[in-house]
Amino acid sequence: VIASGSPLMTEKFSTVVRVKAPEKKNTSIEIAILDPRGDTVMDAQGQLTFKSEEADWTVDWDPTGLRNVGDFQVLVRIGGNPLGTFPLKIEAKADAKP
């Protein structure tokens, strides 16, 4: 993901989460983007609907202001339970001043 400008803003980007559930039980999903300090900078909630053992959930993120760039984390919760965190690198565009 690229960030640029002053103040620093992300470009529009998307995340896709694929969840496997053999029992095909519909449930809630929450996604949070955490900055390097662990603070939530973006979040989204929704409902997973299973038509097979797998369901994809896509979030189209709008440009968002940031304090800095670096190693962020994507936190995924399914049915209120943390599924895990996954790395997300946010880098400054060549002309951006972090």
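Residues numbered from 1 in each chain as written. Predicted model: local features only at pLDDT ≥ 70, side-chain atom pairs only at ≥ 80, totals over all residues. Heavy atoms only, no water.

1. Brief notes about the pairing of strand β5 (residues 40–48)
Where strand β4 (residues 27–34) meets β5, 8 bridges bridge the pair, whose relative direction is antiparallel. Across the sheet, the residue bridging to S28 is Q47, located in β5. Linking β4 back to β5 in an antiparallel pair, the connection comprises 5 residues, with G38 at a positive phi of about 90 degrees. (Pairing = 2+ DSSP bridges. Helix = DSSP H or I, 4+ residues; strand = E, 2+ residues; numbered from the N terminus.)

2. Remarks on the pairing of β4
With respect to burial, β4 is a largely interior element, 6 of its 8 residues being buried. Pairing geometry for β4 and strand β7 (residues 70–78), over 6 bridges, is antiparallel. Bridge pairing links I33 to V74 in β7. (Buried < 20%, exposed > 50% of the residue type's maximum accessible area, 1.4 Å probe, protein only.)

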